[in-house]
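The chain contents come next:
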Amino acid sequence: MINELVERLPLEYLPMSSEMWIYQVFAIIFASLVVAYIGKLLLDRLEARAEKTRSVWDDALVISARRPLWVLIWSMGLLWAAQITAAEMDEDFASALNKLQDVLLIVLLGWFLVRLAQRIEDRLVDPRYREKPMDQTTVSAIGKLLRISIFITAGLVILQTLGYSVSGVLAFGGIGGIAVGFAAKDLLANFFGGLMVYLDRPFSVGEWVRSPDKDIEGTVEHIGWRLTRIRTFDKRPIYVPNAIFTNVVLENPSRMSHRRIFEHIGMRYDDIAQMEPVVKAVREMLKEHPDIAQDQTQMVYFDRCAASSVDFFVYCFTSPVWAEFHRVKEDVLLKILAIVDEHGAQVAFPTSTLHVPDGLSLRAPAQASAGQSPKPSADSSKEQATPGSEAEFKRQQGSNL
């Protein structure tokens, strides 16, 4: 149709009418410019309309197609113009451009699919697009598998387009995979360890994990195919190979249903008569406390006779949130101490009692040890005989010792 249109036009009056392919090249480039501009306006309107909805797919499709479409329009236009130029100069070069055009189409399609998978992955965990966002670990694993599948499929299709045998490539890859497996044993162990983390999901991004077998504790920031990044509570990053998670015991405090309050309170032995009413009052306080889980075990009992106190223990459960747990625990302990005080009792502290034999007295002065008894003066005798005097006080202190 284009050739018929060109034949009807009075082109013999144009300069260089014998070199019509030059006009065709300029026409194609101008048409590419116009189509790229129209495509930009169209995508701008579609994106503005898609952003008003909460759908996962519409704005993801528009945003993902923007850059690949722009590259497609200009690359196809330039390749078409290059093919026209090559047809006038070198036919072999024109056939090479045809293969390049096919490869470019495959690459752009793969690029669009990868961008689309990334946009959808971001929106599936975004609460602005879903009332119940999906688990980030699962979405990340599926997204990585999709992107790997797109890369492998695009590569195989490109090889097939270029004339290579895909079956031969796959056979070579199977033989080479054995050698690579032996050479990259640790790498494969980490890869399959990461795969097990994605499948079993012992932890997710943002959760607090710790291992009693290894010095590992912190918040999970990223789960990769080879490494998992954990941020410790002093803000240091730890990069843990995924193979370790298949051989260690792992705790996940973030998935606790409740946190336990387990404390011993010691009272004086002099207040043992108040033990029973104090324990009963603490039980009633826990039953009425709004932040104590009433569907979990609650125990308050006189537990033991310690070295300097009589102890009762408090056992109950509250919120699993770390900061909230400490707030509730503080409130419970303060109320327990107030109950002890209301009953006229006191909390015990470590004390010791020293028993000495009767009849122990102070040493005599040095002259008495030499056989000379001191002769008290009249004033000193009077001072010793006077009740409340300093001599009497010293005598009483010696008796006590």
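Small disclaimer: the values here were computed from a predicted structure and weren't measured. (Residues numbered from 1 in each chain as written. Predicted model: local features only at pLDDT ≥ 70, side-chain atom pairs only at ≥ 80, totals over all residues. Heavy atoms only, no water.)

Caption draft 1: Structural detail: the pattern of salt bridges. Per the counting criterion, the structure on display carries 14 salt bridges. Here Glu 121 and Arg 147 are joined by a salt bridge, their closest N and O atoms 2.9 Å apart. A residue pair is termed long-range when its members are at least 10 positions apart, and Glu 121 in helix H4 (residues 91-124) and Arg 147 in helix H5 (residues 136-161) qualify at 26 residues. A residue is classified by how much of its surface remains accessible, and Glu 121, at 12% relative accessible area, is buried. Members of the salt-bridge network, linked through shared partners, are Arg 210, Glu 217 and Glu 251. (Salt bridge = Lys/Arg side-chain N within 4 Å of Asp/Glu carboxyl O. Helix = DSSP H or I, 4+ residues; strand = E, 2+ residues; numbered from the N terminus. Buried < 20%, exposed > 50% of the residue type's maximum accessible area, 1.4 Å probe, protein only.)

Caption draft 2: Up close: a nonpolar patch on the surface. Taken together, the side chains of Phe 30, Leu 33, Val 34, Tyr 37, Ile 38 and Leu 41 make up a nonpolar region of the molecular surface, amounting to roughly 600 Å² of accessible area. Along the chain, Ile 38 falls in helix H2 (residues 20-50). (Patch = residues over 30% accessible without salt bridge, like charges linked within 9 Å, V, L, I, M, F, W, Y side chains within 5 Å. Areas by Shrake-Rupley, 256 points an atom, 1.4 Å probe, with all protein chains shown as cover.)

Caption draft 3: Main features of the environment of Thr 353. Assignment of secondary structure puts Thr 353 in the loop between helix H9 (322-342) and helix H10 (366-369). In this structure Thr 353 comes out as exposed when scored by relative accessible area, which is 67%. Considering only alpha carbons, one finds Thr 353 and Ser 308, 45 residues apart in sequence, at a separation of 10.0 Å.

Caption draft 4: Looking closely at the sheet that holds strand E2 (residues 216-223). With antiparallel pairing, 4 strands are arranged side by side in an open sheet as E1-E2-E3-E4. Bordering the open sheet on either side are strand E1 (208-211) and strand E4 (237-241), each of which pairs with just one other strand. Recorded for the sheet is a direction-independent mean angle of 45° between the axes of neighbouring strands. As defined by bridge partners, E1 adjoins E2 across 4 bridges and the pair is classed as antiparallel. Pairing of Arg 210 across the sheet is with Glu 217, part of E2. (Pairing = 2+ DSSP bridges. Axes fitted to C-alpha atoms, helices over the stretch in contact; angles between N-to-C directions.)

Caption draft 5: Focus on the side chain of Ser 211. Tracing the backbone through its elements, the reader meets Ser 211 in strand E1. From its side chain, Ser 211 meets the backbone oxygen of Val 249 in a polar contact 3.0 Å long. Once residues within four sequence positions are removed from consideration, Ser 211 is found in contact with Ile 216, Val 248, Val 249 and Leu 250. (Polar contact = N/O pair within 3.5 Å; in protein donor to acceptor, adjacent residues only side chain to side chain. Contact = heavy atoms within 4.5 Å.)

Caption draft 6: Here's a closer look at the sheet that holds strand E6 (residues 299-305). The 3 strands are arranged E5-E7-E6 in an open sheet whose pairing can be described as antiparallel. The open sheet has two edge strands with one neighbour each: strand E5 (259-267) and E6. Each strand of the sheet is rotated relative to its neighbour by a mean of 25°, with strand direction disregarded. Bridging between E6 and strand E7 (residues 310-318) involves 6 bridges; their strand directions are antiparallel. Opposite Phe 302, over in E7, you have Phe 312 as the bridge partner. Helix H8 (residues 275-288) contacts E5, E6 and E7 of the sheet and is inclined by roughly 5° relative to E7.

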